[in-house]
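# An overview of the molecular structure
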Amino acid sequence: MTTNHIATYCRVCEPACGLIATMSDGSLEKLQPDRDHPVSRGFACTKGLAGVDINKDEDRLNYPMRREADGLVRVSWDDATAEIAERLQAIVARSGSDSVAAYMGNPASFNAMVGVTMPDVLTKLGASRLFSAGTQDTANKFAASTAVFGTPTLHPLPDVRNTDALLLIGSNWRVSKASMISLPNAYREIGDASARGAKIWFVNPRDTESSGPRTGETVSIKPDTDVYFLAALIFAVDRAIGFHPDAEKHGRNVRGLRSFIADYSPEQVSDVCGIDAATIESIARDFATAPAASVHMSTGVNMGRQGTLAYWLVQMLCLVTGNLDVRGGNIPGREVYPAGARSRSVLADQIIESEFGTMRQVPHLPGVLLADYILDAENPIRALVVVAGNPLLSIPGGDRLRDALQSLELLVVIDIYPNATSRYAHWTLPSTDQFEREDINMALLGMQVDPFVNWTPRVVEPAFERREEWWIFARIADALGLPNHLNTPEPENARWARIDHMLSKGGISRQELVSQPRGLAMARGLEPGTLYSEKLQTDDGLIDCRPAVFDEATIRCLHIFGELEREPAHQLKLISRRDQKMHNSWYANLPAMKKGAREANPLAVSPRDAERLKLTDGGKVLAWIFRAEARKMVC
Ligand SMILES: Nc1nc2c(c(=O)[nH]1)N[C@H]1C(S)=C(S)[C@@H](COP(=O)(O)OP(=O)(O)OC[C@H]3O[C@@H](n4cnc5c(=O)[nH]c(N)nc54)[C@H](O)[C@@H]3O)O[C@H]1N2
Ligand SMILES: Nc1nc2c(c(=O)[nH]1)N[C@H]1C(S)=C(S)[C@@H](COP(=O)(O)OP(=O)(O)OC[C@H]3O[C@@H](n4cnc5c(=O)[nH]c(N)nc54)[C@H](O)[C@@H]3O)O[C@H]1N2
Ligand code: SF4
Ligand SMILES: [Mo]
């Protein structure tokens, strides 16, 4: 038996933690945190280490399968790709190329070849409707940054290692390691910050795993009210201390900002947010007077009703307290190679007039409209390819989406597992898992606290008939008679061409990375000084403090405030909760993960509400139906 070790990295979430794979006769036996990885430095979580179980899981998809009247039938890749191409051709001929669409799920972001090959095949087919999971969790941030900074790629990161005060809103770093920031041992980092004396607040409706004596306290907020809390913080800063000179120096229309916050004093928002005015004032004061203060807002707010306005106010809070682009404040991340900074005028082209209203593709179509595009569009989607996603569970409105998926003429799901969406697929195609493919980390450009690019070889040969996604797209394109990466003289270089080009902009070549022991290249960490001179993309070089594009949203904001004010005192709301053993909808059936609370589907209720509702620990809640119109809960 020959045993060897291969350095690789995890492609499940933002930090891309370094891993060491122990191989035995070419089989993946064990994954361990890589102590010598310069960024993750020996950190990896349960999910990353369970990659071995995923690689060997008996439930995996192993062969292309076609759905027939009496169940799934195994087919060869040749037949599967030829038949899918034939169906696509027939649908395009009958209903036009826009009747073909695709959905890219979350793991596609951590799989370099999907992003560089799939949109290309769609374009060549003449199809333009592309949906992605990013519109469920972070589209608000791209939209807000475009409005405020003139570019969707600028997201100043909290300088956790140097900050004196940190506001963490709608995020649970200990469990999730956050989103839109790459910081491997995020929980240790906030523990270290707190030990240095930094003040940390967790703004959350729930007391999470991240808060506590080691880190900081929870500021308990009612769900979906953060926009008012943020407005009140800015109001309180203005009233007690005044805005920092940076606001007038770097901001346009500060008056517009003041007129927005005027409706939301700490006293006015206190009941709606469930936070007393004095607490809001003291956070505002501590934040504004700290030598340096920073903030991170995440999916708990992104996925609420007013995530875009809230993200605008996050930037405003930093600006008016002088914490934008300063050490210990919020600083644009650096990149190993530059992320293209598109300007606001170019982005204007991405605004489309659709039959469902005016919208911006940020950068893809909103997943929440997928069912409408299938069921109601004038030129409806008839064929859908889903890669690395489970839209049926991850997009709100599952019942209608199920009807929509069932009505399709062609649904192709490319995944490592059968999932809820693939139950309705005509074809289910097995992809390789992360350790069965060569890769490079491309997501999170400009959002890494310690910027690094990491190339990894394929660790283990793909088992059964699993294939990489780019190969599957290329085979389908081939069968459609479209140019693709496989039918060029140098297929290997052709599929890497775009990535090689991007790397070259940072003065790096893939060959150089491959020759490094860990396939790594690094850039300098967070340093202030680039926001105004390089990153900001507004025409006048100023931050837009009251973007006109938000006019309608600010009026709606006031209406929602009225609605919330009228809510009964005991209104219950369901909020999302992640745990260490699940990743969105997957990992669920892995025996190593299906332990303890994960054996069931736990619902957490605050002790006060549980007592009122006579719910006991471990009891069963069968169904809770919320009747919005009756404002009543029925069991
Ligand atoms: N109910 C619910 N809804 C949610 C969330 C939630 O936690 N619960 N989370 C929200 C968030 S933050 C997001 S980002 C979205 C996510 O939305 P989606 O991406 O649509 O959903 P996931 O559950 O992440 O599904 C990922 C799928 O990719 C597969 N997969 C894993 N690795 C690979 C791979 O290497 N190749 C291929 N081809 N497939 C792979 C998994 O088996 C799984 O089926 O959902 C949002 N909506
Ligand atoms: N273990 C694990 N890790 C993950 C994932 C996973 O499913 N499991 N998913 C990955 C993905 S795709 C993403 S995008 C990131 C997400 O990473 P985070 O954005 O940090 O997501 P969560 O851990 O769900 O934290 C969101 C918090 O918001 C709170 N919240 C809910 N509603 C509100 C509200 O209205 N206001 C406020 N202020 N807070 C609210 C919730 O209680 C929760 O603690 O995690 C990634 N990492
Ligand atoms: S934190 Fe994310 S990237 Fe790191 S090991 Fe866990 S799942 Fe993988
Ligand atoms: Mo996400």
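Here the structure is shown first, and the text comes after it.
The rules behind each value
Counting restarts for each chain, with residues numbered from 1 along the sequence as it is written. Chains carry letters from A onward and ligands carry numbers from 1 onward, assigned in written order. Reporting in this predicted model follows two pLDDT cut-offs: at least 70 for local features of residues, and 80 or more for side-chain atom pairs to be given and counted; totals over whole chains, interfaces and linings ignore these cut-offs and use all residues. With hydrogens and water excluded, all non-hydrogen atoms of the structure serve as input to the side-chain values. Axis definition: a line fitted to C-alpha atoms, limited for helices to the stretch in contact. Angles are taken between N-to-C directions and run from 0 to 180 degrees. Numbering of helices and strands runs from the N terminus, with a helix taken as a DSSP run of H or I at least four residues long and a strand as a DSSP run of E at least two residues long. Should an angle lie under 35 degrees it is considered roughly parallel, over 145 roughly antiparallel, and from 65 to 115 roughly perpendicular; all remaining angles are considered oblique. Note on convention: near helix rotated counterclockwise from far helix by under a right angle means a left-handed crossing. Clockwise means right-handed. Contact between two residues is taken to exist if any of their heavy atoms lie within 4.5 Å; hydrogens are not considered. For this classification, Asp, Glu, Lys and Arg are treated as charged, while Ala, Val, Leu, Ile, Met, Phe, Trp, Tyr, Cys and Pro are nonpolar and the rest, including Gly, are polar. Between any two strands, pairing holds if DSSP finds at least two bridges. Salt bridge, as applied in this entry: a Lys or Arg side-chain nitrogen positioned within 4 Å of an Asp or Glu carboxyl oxygen. Partly exposed residues are those whose accessible area sits between 20% and 50% of the maximum for their type, while under 20% is buried and over 50% is exposed, using a 1.4 Å probe and protein chains only. Each residue is tested against the molecule or strand, and it is near if at least one of its non-hydrogen atoms lies within 4 Å. Under the rule applied, a polar contact is a pair of N or O atoms within 3.5 Å (in protein, one hydrogen donor and one hydrogen acceptor; residues adjacent in sequence only if both atoms are side-chain atoms). Surface accessibility follows the Shrake-Rupley procedure with a 1.4 Å probe radius. Residue values consider only the protein chains on display as shielding. Among buried residues, those of type Ala, Val, Leu, Ile, Met, Phe, Trp, Tyr and Cys that are joined through side-chain atoms within 4.5 Å constitute a nonpolar core. In summary, the pairing rule links any two rings of Phe, Tyr or Trp, Trp by its six-membered ring, whose centres are within 6.5 Å, and it sorts them by plane angle into stacked for under 30 degrees, edge-to-face for over 60 and tilted for everything else. Counted as over-ring charges are cases with an Arg CZ or a Lys NZ within 6 Å of the ring centre that also lie within 35 degrees of the ring normal. Under the counting rule used here, the positive set is Lys and Arg, the negative set is Asp and Glu, and His together with the chain ends is not counted.

## Quick word on the packing of helix α9 (residues 226-240) against helix α13 (residues 277-289)
Two elements in contact, α9 and α13, have axes separated by 8 Å at closest approach and are oriented at 65°. Judged by the angle between their axes, α9 and α13 are roughly perpendicular. α13 is crossed by α9, and the crossing has right-handed handedness. On α13, the residues that touch F229, A232, L233, A236, V237 and R239 of α9 are I280, E281, I283, A284 and A288. Across the contact of α9 with α13, the residue classes break down as nine nonpolar, no polar and two charged.

## Focus on the sheet that holds strand β9 (residues 165-169)
Spatially, four strands are ordered β11-β10-β9-β13 in an open sheet, and the strand pairing comes out parallel. At either margin of the open sheet sits one strand with a lone partner, and together these are β11 (217-220) and β13 (293-297). On average, each strand axis in the sheet is inclined to that of its neighbour by 20°, with strand direction left out of account. The pairing of β9 with β13 spans five bridges and is parallel. Bridge pairing in β13 links L167 to V295. Here helix α8 (residues 186-195) sits on the sheet in contact with β9 and β10 (199-204), set at roughly 135° to β10.

## What to know about the pattern of salt bridges
On inspection of all chains with the given rule, the structure shows 39 salt bridges. Between E68 and R66 there is a salt bridge whose closest N-O contact spans 2.8 Å. Among the salt bridges present, the one from R252 reaches D540, with a minimum N-O distance of 2.6 Å. One end of the pair, R252, is in strand β12 (residues 251-252); the other, D540, is in the loop between α23 (531-535) and β23 (543-544), and 288 residues separate them in sequence. By relative accessible area, which is 24% here, R252 ends up partly exposed. Members of the salt-bridge network, linked through shared partners, are R60, D433, E436 and R466.

## Considerations on the site of ligand 3
For ligand 3, the full set of nearby residues is C10, V12, C13, P15, A16, C17, A44, C45, K47, G48 and K177. Split by residue class, the shell around ligand 3 holds eight nonpolar, one polar and two charged.

## Remarks on the sheet that holds strand β7 (residues 129-132)
Reading across the sheet, the seven strands line up as β5-β4-β19-β18-β17-β6-β7 and stay open at both edges, with mixed pairing between neighbours. Of all the strands in the sheet, the pair left with one neighbour each is β5 (71-74) and β7. Direction aside, neighbouring strands of the sheet carry axes that sit 20° apart on average. In terms of strand pairing, strand β18 (residues 410-415) meets strand β19 (residues 427-430) through four bridges, oriented parallel. Paired with I414 across the two strands is L429, which belongs to β19. Helix α20 (residues 469-479) rests against β17 (383-387), β18 and β19 of the sheet, and its axis sits at about 150° to β18.

## Observations concerning the site of ligand 2
As a structural note, the neighbourhood of ligand 2 is formed by 32 residues, with S176, D224, D226, S298 and M582 the closest of them. In this structure, a nitrogen atom belonging to ligand 2 sits 3.5 Å away from a main-chain N or O atom of G170. In the environment of ligand 2, an oxygen atom lies 3.0 Å from a nitrogen or oxygen atom belonging to the backbone of N172. In the complex, 97% of the free accessible area of ligand 2, which totals 920 Å², lies under the protein chains. The set of elements that each furnish at least two residues to the shell around ligand 2 consists of α7 (173-176), β10 and α14 (299-302). Sort the elements by how many residues they give to the shell around ligand 2 and α14 lands first, with three residues.

## Comments concerning the environment of S27
The topology assignment puts S27 in strand β3 (residues 27-33). Here S27 falls in the partly exposed class, since its relative accessible area comes to 23%. A C-alpha to C-alpha distance of 50 Å links S27 and N323, two positions 296 residues apart in sequence. Of note is the side chain of S27, whose polar atom sits 3.0 Å from the side chain of K56.

## Focus: the nonpolar core
Within the largest apolar cluster, 65 residues are counted, with the highest numbers of intra-cluster contacts made by L167, Y228 and L257. Dropping the residues within four chain positions of it, L167 is found in contact with W201, V203, L233, I283, F287, S294, V295, H296 and L317. V385, L410, I440 and L445 belong to the second-largest nonpolar core, a separate cluster that totals 52 residues.

## Description of the packing of aromatic side chains
Applying the stated rule across the entire model yields eleven aromatic pairs. Seen in terms of ring centroids, F260 and W312 are 5.0 Å apart; in terms of plane orientation they differ by 50°. Their pairing is tilted. On the criterion of sequence distance, the pair formed by F260 in helix α11 (residues 254-261) and W312 in helix α15 (residues 307-320) is long-range, its members being 52 residues apart. Taken together, Y228, F260, Y264, W312, F550 and F561 form an aromatic cluster joined through their ring pairs. Above the ring of Y63, the side-chain terminus of R74 is found at 3.6 Å from the ring centroid. Lying over the aromatic face of W471, R467 brings its terminal NZ or CZ to 5.2 Å of the ring centre.

## Topic: unusual backbone geometry
The backbone phi angle of K177 is positive, close to 65°, even though this residue is not glycine. Secondary-structure assignment places K177 in the loop between α7 and α8. Here A388, not a glycine, exhibits a phi torsion of approximately 55°, which is positive. Mapped onto the elements of the fold, A388 is located in the loop between β17 and α18 (391-394).

## Examining helix α4 (residues 112-125)
Within α4, burial applies to A112, M113, V114, V116, T117, M118, V121, L122 and L125. Those residues of α4 hidden inside the fold are in contact with β6 (100-104), β7, β17, β20 (439-440), α20 and α21 (491-505). Downstream of α4 by one or two residues, G126 has phi in the positive range, about 85°.

## Observations concerning the side chain of R129
Inspection of the secondary structure puts R129 in strand β7. Of the side chains bearing the opposite charge, E355 lies closest to the buried R129, which forms no salt bridge; the N-O distance is 4.5 Å. At a separation of 3.1 Å, a polar atom in the side chain of R129 contacts the main-chain carbonyl oxygen of D98. Excluding residues that lie within four positions of it along the chain, R129 makes contacts with D98, A101, A102, L365, Y373, N379, P380 and I381.

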